[in-house]
Amino acid sequence: MAASMAAAAGGLRRAIRRSPLWGGPSRRPLSSEPPPAQATAVRDAFLSFFRDRHGHRLVPSASVRPRGDPSLLFVNAGMNQFKPIFLGTVNPRSEMAGFRRVANSQKCVRAGGRHNDLEDVGRDLSHHTFFEMLGNWAFGGEYFKEEACSMAWELLTQVYGIPKDRLWVSYFGGDPKAGLDPDLESRDIWLNLGVHASHVLSFGPEENFWEMGDTGPCGPCTEIHYDLAGRVGAPQLVELWNLVFIQHNRETDGSLQPLPQRHVDTGMGLERLVAVLQGTPSTYDTDLFSPLLKAIHQGCGAPPYLGQVGAADKGRTDMAYRVVADHIRTLSVCIADGVYPGMSGAPLVLRRILRRAVRFSTEVLQAPPGFLGSLVPVVVEILGDTYPELQKHSAQIASLVSEEEAAFLASLQRGRRIIDQTLRCLGPSELFPAEVAWSLSLSGNLGLPLDLVELMLEEKGVQLDSAGLARLAQEEAKLRSRQAEPVQRQGLQLNVHALGELQRRGVPPTDDSPKYNYSLRPSGGYEFNPCEAQVLQLYLEDGTAVASVGKGQHCGLLLDKTNFYAEQGGQASDRGYLVRVGQEDVLFPVARAQICGGFILHEAVAPEGLKVGDQVQLHVDEAPLTPEQLQAVEGTVQEAVGQDEAVYMEEVALAHTAHVPGLRSLDEVYPDPVRVVSVGVPVARALDPASQAALQTSVELCCGTHLLRTGAVGDLVIIGERQLTKGTVRLLAVTGEQAQQAREVGQSLAQEVEAATERLSRGSQDVVEAHRLSKDMGRLIDAVDTAVMPQWQRRELQAALKVLQRRANTALRKLELRQAAQKTQELLQRHSEGPLIVDTVAAESLSVLVKVVRQLCERAPCTSVLLLSPQPQGHVLCACQVAQSAMPAFTAEAWALAVCSHMGGKAWGSQVVAQGTGTTADLEAALSTARTYALDQL
């Protein structure tokens, strides 16, 4: 009997792992009695249940733009906004620090990054890029397993009325390798709640142990599953709700340690829950999607949606319905939250989502132009009451979607024309050039997905040069890695255990109010008053808390107060030094200050010993901080600098800032009270709702250490720009002495460009000198591209150099053609007519050698030619071309490869023309290899 039960349980475990999320039209509804609840009522019932019955605080959904979390492209789970609580880094002054039990419905996007459902959307009946996650949380041990399971069971069976016999649960079955016992507590809780023993299954860590990442908070989870089959045949189980009990921390060495505080984190997909309650065949058949599917049918005139998948979905019509319905929801929500289609990161993912939607709507559903934008009001009608930002930005969303759709369709038309033009120039059996495909792609100029380019070529029976495409992708990856901003060292940080120990000991957060204690000297410089503090704790590089450090040790210092600004909100950390009181001749340099859970850690190298309890004095460096990115054009800022206006700063209640017109704020959590900075207008006047003063100046929420007058900037130069999203450009500027240096660099480069212009105007009849000039032009272009100089001047010099380089290359090409013609004539005189020419020739570059080969083949079209050109230090250039009559058995690429491999080098090219390089002291042997290979093929 026990064996048969075990076998049955094993079968059910396998069923859970492989069950489709929705089996199709055979789904049985819950009951014939009352009519299925609308999605809005289902969501409201969840929130009301936790607020009214169990005292949870309802918090709004966070934006889908992650706040201060570079590991995420989009918010993809309800717990994302609460990560500071789990990690113990929440600012004790913030509203979040007071959260104990909360609930919400969180907007989530899973596209790009680790959780990526994009390519699966439309292929089945369950995947979405945007979905809503219902969740409840208990922080700091407010409640744990028994309460969480009881609440979930009560909601599902009593409020939503789901029959108990259609619910199954799974729990963590332990992990002997990690030394983790089975979560028998959760198992017993479910049994006591009345779940039948046969419906309680155990699983290993892969299914029932949740981890935030490679390190950090984690713990066992218990999942509630719903049986789609409804007692008809074998169970078909689909996960409905996941309850995570965060009680461990994964350390950097892979070990698990108990957390100082335990938390509950639960998540249930609204779309899936609504499908269960409405008894629909899939999430796409619920009232969250049916109005969209109806609008798509009416707007396109395509056959009605039938819910088919795979081979049954003729012409992929139903897949297109699902793609368009899902993607327009994602686009609307993301744009409403400030994520716009762009060229990198999350904006690039959103751009791909939009273009995927356009492809399916136009190519499969035959939708008219502007169709996608017309669906935005339907999304707003479905979701706008719950997420009012959709209503607020409805017109902007529709306009942007329509604009992007029109741009993509125009790119598609241009792409087709370029492909047709290219094909007319290709010979039979030639591969489509990788460079052209690259220029059409998202990585190039037109932004067409590469799979679409390949599909367009496939329709014309042409094969793409995949190897060349891979090479271009590799080159771009290298270029991006060189251009990427340097990754800064993370530095010392307080981990969750260190923070928990400080809180257990009752250590108060660091008092950093002295950071605002500075003044402007008559000379124009700033005076930062020193701050005296006590060492509360010392930390080694690995985070270990110690009572003392010795000479030369890299350490972190926790003090009771500080006048250092800790890195946050876009402003870099202060630098400076500290000294022991009574021993002012020994300086402890402070490289940076970081805030962790309200505690500020100072990173330093100890020149002598230091211990807990020592009294120290802190000094902030007076040099200008790291240059910040500005949001205004250079002229406007310089005008403000010239006016030398006062900068006002004042702490006010966060609620008073909510309706300030023109307020500049970052997308982050602010403390309450919050510091308001206003240029030229007193804070009280700027905050007055009846005043329009805030619209005429810069007002922002910022805890940064600002200048006291705008004139202190001195000089400002914008040195760079980067398009973040459509319509949003980030400007990078330097001030003071750095600005003057940037102007000097710009002037110096302008003089070099002028000198290059004179050299080019003089002209040259020497190929070597023309080559040198062309290379010098290339180096000058690189220098202008990377120099710290005025951006306006960079643009002018780039335009001038583009013209100069074109002129230099044209002059070089003419000289090379003239030289090639001379060498071609000499070779023709040496070789009688025949099927093969293999010889050496003096050539300054591979470009000249290729031109000689081409001219020889033009003069003798039935002859295959391979030429070698010896260079200094034994290097050899190789170029060849095969006569059309000798192909396809004989190809240039294979010929060059055979010869260059013999010389220990490499080759590249096509069937017709190829080139390469190598190194050899025996040219005759290389020529013999070339002749032998060619004669074997001919």
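Residues numbered from 1 in each chain as written. Predicted model: local features only at pLDDT ≥ 70, side-chain atom pairs only at ≥ 80, totals over all residues. Heavy atoms only, no water.

Undergrad: Where do I start with the overall build of the protein chain in this structure?
TA: From N to C terminus, the protein chain includes 26 helices and 31 strands. Considering only residue pairs separated by 6 or more positions, the protein chain has 70% of its internal contacts joining residues 24 or more positions apart. In the structure as shown, the protein chain presents an accessible area of about 44,000 Å², 51% of it carried by carbon and sulfur atoms. (Helix = DSSP H or I, 4+ residues; strand = E, 2+ residues; numbered from the N terminus. Contact = heavy atoms within 4.5 Å. Areas by Shrake-Rupley, 256 points an atom, 1.4 Å probe, with all protein chains shown as cover.)

Undergrad: Got a minute to help me understand the confidence of the model for the protein chain in this structure?
TA: Atom-level detail of predicted coordinates should not be read off regions where pLDDT is low. In the predicted model, the protein chain carries a mean pLDDT of 84, and 89% of its residues have values of at least 70. In the predicted structure, residues 1-21 sits below a pLDDT of 50 and forms 22 contacts with residues beyond four places in sequence or in another chain. (pLDDT = per-residue confidence, 0-100.)

Undergrad: Whenever I open this one, the sheet that holds strand E24 (residues 699-701) confuses me. Can you help?
TA: Across a sheet, paired strands are connected by hydrogen bonds in the backbone, their directions being either parallel or antiparallel. Strand order in the open sheet made by the 3 strands is E22-E23-E24, with antiparallel pairing throughout. The open sheet has two free edges, formed respectively by strand E22 (647-652) and E24, since each of these has just one partner strand. Shown here is a sheet whose adjacent strand axes are inclined to one another by a mean of 20°, direction ignored. (Pairing = 2+ DSSP bridges. Axes fitted to C-alpha atoms, helices over the stretch in contact; angles between N-to-C directions.)

Undergrad: How do you make sense of the environment of cysteine 300 when you look at a structure like this?
TA: Relative to the helices and strands, cysteine 300 is located in helix H8 (residues 290-300). Residue cysteine 300 is classed as buried on the basis of its relative accessible area of 14%. On a C-alpha basis, the gap between cysteine 300 and alanine 367 in space is 4.7 Å, while along the polypeptide they are 67 residues apart. Not counting chain neighbours up to four residues away, the residues in contact with cysteine 300 comprise Leu365, Gln366, Ala367 and Phe371. (Buried < 20%, exposed > 50% of the residue type's maximum accessible area, 1.4 Å probe, protein only.)

Undergrad: For this particular structure, what's the right way to read the packing of aromatic side chains?
TA: Ring pairs (aromatic) are described by centroid distance and by the angle formed between their planes. Counted according to the given criterion, the structure contains 15 aromatic pairs. For the pair phenylalanine 172 and phenylalanine 209, a centre-to-centre distance of 5.3 Å together with 50° between the ring planes defines the contact as tilted. Residue phenylalanine 172 is found in strand E4 (residues 167-172), and its partner phenylalanine 209 is found in strand E6 (residues 209-211); the two are separated by 37 residues along the sequence. With respect to burial, phenylalanine 172 and phenylalanine 209 carry one shared label: buried. Among the aromatic residues, those joined into a ring-pair cluster are Phe82, Phe86, Phe99, Trp137 and Phe139. Positioned above the aromatic ring of phenylalanine 144 is the side chain of arginine 262, whose terminal nitrogen or guanidinium carbon lies 4.0 Å from the ring centre. (Phe/Tyr/Trp six-rings, centres within 6.5 Å; stacked < 30°, edge-to-face > 60°. Lys NZ or Arg CZ within 6 Å of the ring centre and 35° of its normal.)

Undergrad: Honestly, the environment of arginine 854 in this entry has me stumped. Any pointers?
TA: Within the secondary structure layout, arginine 854 lies in helix H24 (residues 846-859). Along the backbone, arginine 854 and cysteine 880 are 26 residues apart, and their C-alpha atoms lie at a distance of 8.4 Å. Sequence-distant contacts of arginine 854, defined by excluding residues within four places in its chain, comprise Gln881 and Val913.

Undergrad: Hey, could you run me through the pairing of strand E23 (residues 674-679) in this one?
TA: A regular strand carries its side chains on alternate faces of the sheet. Taken across its 6 residues, E23 has 6 buried, putting it largely inside the fold. The sheet contact formed by E22 and E23 spans 6 bridges and is antiparallel. Its bridge partner being in E23, valine 652 is matched across the sheet by valine 674. Bridging between E23 and E24 involves 3 bridges; their strand directions are antiparallel. Residue pairing in the sheet places valine 676 in a bridge with leucine 701 of E24.

Undergrad: Got a minute to help me understand the nonpolar core in this structure?
TA: In a soluble, globular protein the nonpolar side chains are often hidden away together inside. Grouped together as the largest cluster of nonpolar side chains are 117 residues, with contacts concentrated most on Leu156 and Trp241. In terms of residue count, the dominant contributor to this core is helix H9 (residues 317-336) (12 residues). Ignoring any residue separated from it by four or fewer positions in sequence, one finds leucine 156 in contact with Gly161, Ile162, Leu167, Ile224, Leu240, Trp241, Met268 and Leu273. (Core = buried A, V, L, I, M, F, W, Y, C linked by side-chain atoms within 4.5 Å.)

Undergrad: What am I meant to see in the side chain of asparagine 80 here?
TA: If you trace the backbone, asparagine 80 turns up in the loop between strand E1 (57-58) and helix H3 (83-87). Residue classification places asparagine 80 among the buried positions, given a relative accessible area of 10%. Non-local contacts of asparagine 80, meaning those with residues more than four positions away in its chain, are made with Leu72, Phe74 and Val75.

Undergrad: It is not clear to me how the sheet that holds strand E28 (residues 864-870) should be interpreted in this structure. Could you clarify?
TA: Read across the open sheet, the 5 strands follow the order E27-E28-E29-E31-E30; overall the sheet is mixed. The sheet is open, and its two borders are formed by strand E27 (836-840) and strand E30 (906-909), each paired with just one other strand. Each strand axis lies, on average, 10° off the axis of its neighbour in the sheet, ignoring direction. Pairing of strand E29 (residues 875-881) with strand E31 (residues 913-919), which is carried by 7 bridges, proceeds in the antiparallel orientation. Note on E31: the bridge partner recorded for alanine 879 is glutamine 915.

Undergrad: Which parts of the structure should I look at to understand unusual backbone geometry?
TA: In terms of backbone geometry, most residues other than glycine have negative phi values and most peptide bonds are trans. Cis peptide bonds are those with omega within 30 degrees of zero, and the linkage from methionine 887 to proline 888 qualifies with 5°. Structurally, proline 888 can be placed in the loop between E29 and helix H25 (892-902). A positive phi is found at glutamine 366, a non-glycine position, where the angle reads about 55°. Relative to the assigned elements, glutamine 366 resides in the loop between helix H10 (345-364) and helix H11 (371-374). A relative accessible area of 54% means that glutamine 366 is categorised as exposed.

Undergrad: Can you help me understand the pattern of salt bridges in this one?
TA: For side chains of opposite charge, pairing can occur when their charged atoms come near one another. Taken as a whole, this structure holds 24 salt bridges when the rule is applied. Lysine 145 is paired through a salt bridge with aspartate 183; the nearest N and O atoms lie 2.8 Å apart. With lysine 145 in helix H4 (residues 145-159) and aspartate 183 in the loop between E4 and helix H5 (184-193), the pair connects residues that are 38 residues apart, well separated along the chain. Look at lysine 145 and you get buried, because its relative accessible area is 5%. (Salt bridge = Lys/Arg side-chain N within 4 Å of Asp/Glu carboxyl O.)

Undergrad: I keep staring at the packing of H10 against helix H14 (residues 394-425) and nothing clicks. Help me out?
TA: The relative placement of two packed helices comes down to the angle between their axes together with the axis-to-axis distance. Running from N to C, H10 and H14 point in directions that differ by 70°, and their axes come no closer than 10 Å. By the criterion of interaxial angle, the relationship of H10 to H14 is roughly perpendicular. Every pair of crossing elements has a handedness; the one defined by H10 and H14 is right-handed. Where H10 abuts H14, its residues Leu354, Arg355, Val358, Arg359, Thr362 and Glu363 lie against Val401, Glu404, Glu405, Phe408, Leu409, Leu412 and Arg416. Counted by class, the contact of H10 with H14 contains 6 nonpolar, 1 polar and 6 charged residues. (Parallel < 35°, antiparallel > 145°, perpendicular 65-115°, else oblique. Left-handed = near helix turned anticlockwise from the far one by under 90°. Nonpolar A, V, L, I, M, F, W, Y, C, P; charged D, E, K, R; others polar.)

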